Amino acid sequence: MCLSSCKRVRGRLVAVRHGPLWELPGWLVGFILVVVTGYVAVIGVAVRSLPLTLRDGLLLGALLACIAATVELTKREGENAGLAVDVYGVWELPIAILLTPFYALTVPVFRCALTQWRGRRLVAYRRVFTTAILGLSYGGASMAFHAVTGTPLGVSGLAAAHPTVWILAAVSAAVTQWAVNTIMLVPALKGSDPAARIRDLMFDRQTVTTDVTELCVAVLVTLGTAISLLAIAFALPFVTLLQRSVRHASLVNASRLDSKTGLLNAGTWEREATAEVARAIRTRSPMAVALLDIDHFKSVNDTYGHLAGDKALQAIARTLQAFVREYDLVGRFGGEEFVMLLPQARPVDAYTIAERIRAHIADMPIEAGPDIEPIQVTISIGVAALGSSWDTTVGGQLTDLIAAADMALYQAKRNGRDQVCVITENATFGSRLQSVSTSPAA
């Protein structure tokens, strides 16, 4: 099944590379060619299973019509805006299970060609690669189903197999399709963006929930279709509703994030940080806020162009996500400024985190484009630490912390940039370049 986690990975892959095939790393080009060549070879072997009965032909036609309707619905409700939310797997899993392997392998050709024509247009090799991995994964699903039921390829086996065994076989087929699809997508994703975090893309709570829901619906549609073709007509409204609900969840999630960096946007960060600060005050727990600003960012845009500036923002955002803890809040305040809320962080902890981020970014080459040398940027960081002795009468509001962090950031820039300055209720300390001028006190 083409589950949402795989869709998100493909979306990330598309977003990272916009150039022709030969601009990819050599090993990745080879990997893509091997996958596509293997796909064509497997279709050549499976072509002998081409003949269909009249009922199978009607089933194929009905499911292809549902796929076409889903393409149109996806186009109308957001695919062109980058919200690639679909439920194609609900219609494609029945083809993989109920028809011969040739159709399991080739149905993605129909869907991807129709999407290229009616939906978002992508560079040809991306569509071909997507078609190949989908086709191979559905071929694997077909093999898994028939291995579990023990029926010949192209025979659904509903009458011969126990219903429980049949349903478990269908679930096994769906899981196999997801696994094969993911295994072939991950190398392509990491090759295009080595800093990408697979766990965040594929295994967050919303993605897993959507995946499981789509799997269950696909199995039920497959079972109903095996009993009667009329089940497809009753399934279509429910599948349409599922797609709209998934899209709504994606829109809600997207409204929380900054579109350029994937971090929390300013409004969401402030709402969630306000609750965290209130909790810290109530429990008298330490906390820190850090403001980060890219030094001389305007010169980066003026020298290398705004696309290079965007890549710098994205690289820094990935660095922040890699260095913070799971319960920290990281957001983009706008322009070249970022913000971090660090719960349970004493001044020395906040300083350590900020200094590691600063040092890593200072040494990090940023790929700005195929014809541009990697660029280097530095950042200045201002940190305001809320000690356990602070309360609401001693500047314990989020706005007070942000204002103090902004003062620390101003001090870091005034002292020469590329450094961390920390303000606590008792002291101010920081680093200048690679040295610490005053040892931080907890």
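What you see as residue numbers is a count from 1 along each chain, following the sequence as written. This being a predicted model, a pLDDT of at least 70 is required before a residue's local features are given, and a value of 80 or more before pairs of side-chain atoms are given or counted; all residues contribute to the totals for chains, interfaces and linings. Hydrogens are left out, water is left out, and the side-chain values use all remaining heavy atoms of the structure.

(A) Up close: the packing of aromatic side chains. Note on aromatic contacts: the rings of Phe and Tyr and the six-membered ring of Trp form a pair at centre separations within 6.5 Å, being stacked when their planes are under 30 degrees apart, edge-to-face when over 60 apart, and tilted otherwise. Applying the stated criterion across every chain yields a total of four aromatic pairs. With 6.2 Å between their ring centres and 65 degrees between their planes, Phe31 and Phe129 make a pair best called edge-to-face. Taken together, the positions of Phe31 in helix α2 (residues 26–46) and Phe129 in helix α6 (residues 124–149) put the pair 98 residues apart, joining distant regions of the chain. Here Phe129 falls in the buried class, since its relative accessible area comes to 4%. Taking the centre distance of 5.5 Å and the plane angle of 80 degrees together, the rings of Phe145 and Trp166 count as edge-to-face. With Phe145 in helix α6 and Trp166 in helix α7 (residues 163–192), this residue pair connects regions lying 21 residues apart in the sequence. When its relative accessible area of 0% is taken as the criterion, Trp166 is described as buried. Here a helix means four or more residues in a row that DSSP labels H or I, a strand means two or more in a row labelled E, and each is numbered from the N terminus. Burial here depends on accessible area, computed with a 1.4 Å probe over protein chains only, as a share of the maximum for the residue type. Under 20% is buried, over 50% is exposed, and the range in between is partly exposed.

(B) Examining the pairing of strand β2 (residues 329–334) more closely. Where β2 meets strand β3 (residues 337–343), five bridges bridge the pair, whose relative direction is antiparallel. Counted as the bridge partner of Leu329 is Leu341 from β3. Between any two strands, at least two bridges found by DSSP are needed for them to pair.

(C) Inspection of the environment of Glu373 at higher detail. Mapped onto the fold, Glu373 is located in the loop between α14 (347–362) and β4 (379–386). Judged by its relative accessible area of 63%, Glu373 falls in the exposed class. As for Glu373 and Tyr304, which are separated by 69 residues in sequence, their C-alpha atoms are 9.7 Å apart.

(D) Local environment of the nonpolar core. Residues grouped as a nonpolar core are buried Ala, Val, Leu, Ile, Met, Phe, Trp, Tyr and Cys residues, joined through side-chain atoms within 4.5 Å. Residues Trp91, Ile95 and Ile97 are the most contacted members of the largest nonpolar core, which totals 58 residues. Put simply, the parts of the chain that give this core at least two residues each are α2, α3 (54–76), α4 (88–98), α5 (101–118), α6, α7, α9 (205–227) and α10 (230–256). Here this core takes nine residues from α6, the largest share from any one element. In what follows, a contact means two residues having at least one pair of non-hydrogen atoms within 4.5 Å. When neighbours within four sequence positions are excluded, Trp91 is seen to be in contact with Leu63, Cys66, Ile67, Thr70, Val221, Ile232, Ala235, Leu236 and Val239. Core analysis: the next-biggest nonpolar cluster, separate from the first, contains 37 residues, Ile294, Ala312, Leu320 and Ile366 among them.

(E) Highlighting the packing of helix α13 (residues 306–323) against α14. Two numbers describe how α13 lies on α14: the axes approach to 10 Å, and their chain directions differ by 140 degrees. One element, α13, and the other, α14, form an angle in the oblique class. The crossing of α13 and α14 is right-handed. From α13, Ile316, Thr319, Leu320 and Phe323 reach across to α14, where they touch Arg356, Ile357, His360 and Ile361. Simply put, an axis is a line fit to the C-alpha atoms, just over the touching stretch for a helix, and the angle between two N-to-C directions goes from 0 to 180 degrees. Angle categories are assigned with fixed cut-offs, so that under 35 degrees is roughly parallel, over 145 is roughly antiparallel, 65 to 115 is roughly perpendicular, and the rest are oblique. Each crossing gets its handedness from the near helix: less than a right angle anticlockwise from the far helix is left-handed, clockwise is right-handed.

(F) The pairing of strand β5 (residues 420–423), seen in detail. Burial along β5 is two-sided: the face carrying Val420 and Val422 and the face carrying Cys421 and Ile423 are both buried. Across four bridges, the pairing between β4 and β5 is parallel. Following the sheet pairing, Gly382 is matched in β5 by Cys421.

(G) Highlighting the pattern of salt bridges. Just to be clear on terms, a salt bridge is a Lys or Arg side-chain nitrogen sitting within 4 Å of an Asp or Glu carboxyl oxygen. Counted under the stated rule, the structure contains eleven salt bridges. For the salt bridge of Asp328 with Arg325, the shortest nitrogen-to-oxygen distance reads 2.8 Å. Asp328 sits in the buried class, given a relative accessible area of 7%. The salt bridge partner of Glu355 is Arg358, with a shortest N-O separation of 2.7 Å. Here Glu355 pairs with Arg358, and both are found in helix α14, just three residues apart, close to one helical turn. In this structure Arg358 comes out as buried when scored by relative accessible area, which is 0%. Ionic contacts of the salt-bridge type, sharing partners, join the residues Asp293, Asp295 and Lys413 into one network.

(H) Inspection of the packing of α4 against α5 at higher detail. Look at α4 against α5: their axes get within 9 Å of each other, and the N-to-C directions meet at 150 degrees. On the basis of their axis angle, the class for α4 and α5 is roughly antiparallel. In the packing of α4 onto α5, the handedness of the crossing is right-handed. Contacts between α4 and α5 involve Tyr88, Glu92, Ile95 and Ala96 from the former and Tyr103, Ala104, Val107, Arg111 and Thr115 from the latter. For this classification, the nonpolar set comprises Ala, Val, Leu, Ile, Met, Phe, Trp, Tyr, Cys and Pro, the charged set comprises Asp, Glu, Lys and Arg, and every other residue, Gly included, is treated as polar. For the contact of α4 with α5, the residue count by class is six nonpolar, one polar and two charged.

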